[in-house]
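A look at the structure
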Amino acid sequence: MNFDMNTCWSRAVELLQSNFQLLIVIAGMFVLLPTMALYLLVPEFAVIADPTTDPSVLEDKILEILGPLIAASLVSLVFQFGGQAAMIALMSDTRPTVGQALIKGFKTVPSLFAVLLGFSLLFMLLALIVTVPVSLLAGLLGAPGLAALAVIPMLIAMVWLLARMSLAMPVLVLGGTLNPVTAITQSFRLTKPKQWAIAGFWTIIFVVITIASLIFNGVAGVVAAIAGAGTAALAITGLANGVTGAIGGMVQCAVAAAMFTQLSGPSTEAIEETFE
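Residues numbered from 1 in each chain as written. Predicted model: local features only at pLDDT ≥ 70, side-chain atom pairs only at ≥ 80, totals over all residues. Heavy atoms only, no water.

1. Some thoughts on the overall build of the protein chain
Note the threshold: Counting from the N terminus, the helices are the DSSP runs of H or I reaching at least four residues and the strands are the DSSP runs of E reaching at least two. Here, two residues are considered to be in contact whenever any of their heavy atoms come within 4.5 Å of each other. The protein chains shown are the only cover counted for residues, whose accessible areas, like all others here, come from Shrake-Rupley with a 1.4 Å probe.
If you tally the helices and strands in the protein chain, you get 12 helices and zero strands. Summarising the internal contacts of the protein chain: among those between residues at least 6 apart in sequence, 76% fall at separations of at least 24. In the form shown here, the protein chain has an accessible surface area of approximately 14,600 Å², with 73% of it arising from carbon and sulfur atoms.

2. Regarding the packing of aromatic side chains
Note the threshold: When the centres of two rings from Phe, Tyr and Trp lie within 6.5 Å, Trp using its six-membered ring, the rings pair. Their planes under 30 degrees apart give stacked, over 60 give edge-to-face, and anything left gives tilted.
Per the counting criterion, the structure on display carries seven aromatic pairs. For the pair Phe30 and Phe79, a centre-to-centre distance of 6.3 Å together with 20° between the ring planes defines the contact as stacked. In this pair, Phe30 is assigned in helix 1 (residues 5–41) and Phe79 in helix 4 (residues 66–90), connecting sequence segments 49 residues apart. Centre to centre, the rings of Phe81 and Phe113 are 5.2 Å apart; their planes meet at 80°, and the pair counts as edge-to-face. Of this pair, Phe81 sits in helix 4 while Phe113 sits in helix 6 (residues 109–141), and the two are 32 residues apart along the sequence. Taken together, Phe30, Phe79 and Phe106 form an aromatic cluster joined through their ring pairs.

3. Some thoughts on the nonpolar core
So the rule is basically this: Side-chain atoms within 4.5 Å link the members of a nonpolar core, which is a set of buried Ala, Val, Leu, Ile, Met, Phe, Trp, Tyr and Cys residues. When a residue's accessible area, from a 1.4 Å probe over protein chains only, is under 20% of the maximum for its type it is buried; when over 50% it is exposed; and in between it is partly exposed.
By size, the foremost hydrophobic cluster in this structure holds 57 residues, and its most contacted members are Met87, Ile88, Trp202, Val255 and Met259. The element best represented in this core is helix 11 (residues 231–264), accounting for 12 residues. Dropping the residues within four chain positions of it, Val255 is found in contact with Cys8, Trp9, Ala12, Phe201, Trp202 and Ile205.

4. What about the side chain of Ser213?
For Ser213, the position within the fold is in helix 10 (residues 195–227). Residue classification places Ser213 among the buried positions, given a relative accessible area of 15%. Those residues in contact with Ser213 that sit more than four places away from it in its chain are Gly218 and Thr244.

5. Examining the side chain of Arg164
The condition is simple: In this charge count, Lys and Arg are treated as positive and Asp and Glu as negative; neither His nor the chain ends contribute. The rule for a salt bridge is simple: a side-chain nitrogen of Lys or Arg has to be within 4 Å of a carboxyl oxygen of Asp or Glu. Under this definition, polar contacts are N or O atom pairs within 3.5 Å; protein pairs additionally need one hydrogen-donor-capable and one acceptor-capable atom, and for neighbouring residues in sequence, both atoms have to be side-chain atoms.
When you line up the elements, Arg164 lands in helix 7 (residues 151–164). An unpaired buried charge is present at Arg164: no salt bridge exists, and Asp4, the closest side chain of opposite charge, is 18 Å distant. Within the local environment of Arg164, its side chain forms a polar contact with the backbone oxygen of Phe188, the two atoms lying 2.6 Å apart. Excluding residues that lie within four positions of it along the chain, Arg164 makes contacts with Ser187, Phe188, Thr191, Lys192 and Gln195.

6. Points about the environment of Ala157
Along the chain, Ala157 turns up in helix 7. Ala157 sits in the buried class, given a relative accessible area of 12%. The sequence separation of Ala157 and Val130 amounts to 27 residues, and the corresponding C-alpha distance is 8.6 Å.

7. Focus: the pattern of salt bridges
The final tally for this structure, using the stated rule, is two salt bridges. Note that Asp93 and Arg11 form a salt bridge whose closest N and O atoms lie 4.0 Å from each other. Residue Asp93 is located in the loop between helix 4 and helix 5 (98–107), and its partner Arg11 is located in helix 1; the two are separated by 82 residues in the primary sequence. Assessed through its relative accessible area of 27%, Asp93 is described here as partly exposed.

8. Quick notes on helix 10
What counts is decided by this rule: To estimate how far a helix should reach, multiply one less than its number of residues by 1.5 Å.
Taking 1.5 Å as the rise per residue, helix 10 with 33 residues should run 48 Å; its terminal C-alpha atoms sit 46 Å apart, in good agreement. Among all positions in helix 10, only Gln195, Ile198, Ala199, Phe201, Trp202, Ile205, Ile209, Ser213, Ala220 and Ala224 are buried. If you follow the buried residues of helix 10, they end up packed against helix 1, helix 7, helix 9 (180–191) and helix 11. One or two positions beyond helix 10, positive phi appears at Gly228, with a value near 105°.

9. What to know about a nonpolar patch on the surface
Defined as follows: Nonpolar side chains (Val, Leu, Ile, Met, Phe, Trp, Tyr) within 5 Å and like charges within 9 Å form the patches, drawn only from residues with over 30% relative accessible area and no salt bridge.
Residues Phe20, Ile24, Val25, Met29 and Leu33 make up a contiguous nonpolar surface patch of about 450 Å² in total accessible area. Along the chain, Val25 falls in helix 1.

10. Regarding the environment of Ala258
Relative to the helices and strands, Ala258 is located in helix 11. As for Ala258 and Ile88, which are separated by 170 residues in sequence, their C-alpha atoms are 9.4 Å apart. Each residue touching Ala258, except ones within four places of it in the same chain, is listed here: Cys8, Arg11, Ala12 and Leu15.

Here is the structure:
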């Protein structure tokens, strides 16, 4: 089926409105709370997550807490993957209960980690394809600064790859498969006809979410600074990031579910229910 940006967004808004109370509970439990826990259990994470942190300080902090940071981040990611997948399941045409949505969502977590690994490998391949020719050209021309231009095509490649793989989670949750390879290939197949329009659509959504998050977290950062450098400040910072992550996750899941339904058509279960 064809992709229509306005229809997709309208359907996403409908899904958010009709499921808001349940979505906010799931987002709060599996996105907001794990984010707060990450800030409270690994206090140095606030410095690492701060975009204004000096790069040299950032590197030292990461090396200092690398083990606990990896462990806490993985646990947080498990909850966030499961929660987001459950939100997509909840917004499906089959109208599952919250319990059914959570079971379905957390079943996809191992597959989602495999999809994340696949994304990382594909992005590294794209990065090599982009950077090697630019670096060679910079060497031949004797202009090392030219290599910095590779950042632009790499950014475009990342956005394109994110867009092409954006339906992997809905495929796993709604498409009747837990095979990560199938999820990736199906996502590529569904997004192929309108890949650049979909990439542009996701870019707009991410830019708006990012700007809103920066403003909200900036205000919360001022409040946290007033509160001092103790647990209260970490709780305020973690809460602010958790809130923006939860709301942003709800919007992204709604858009992904709406886009998947639009491009793949209604599920077999939904069609069967229509005739029952």
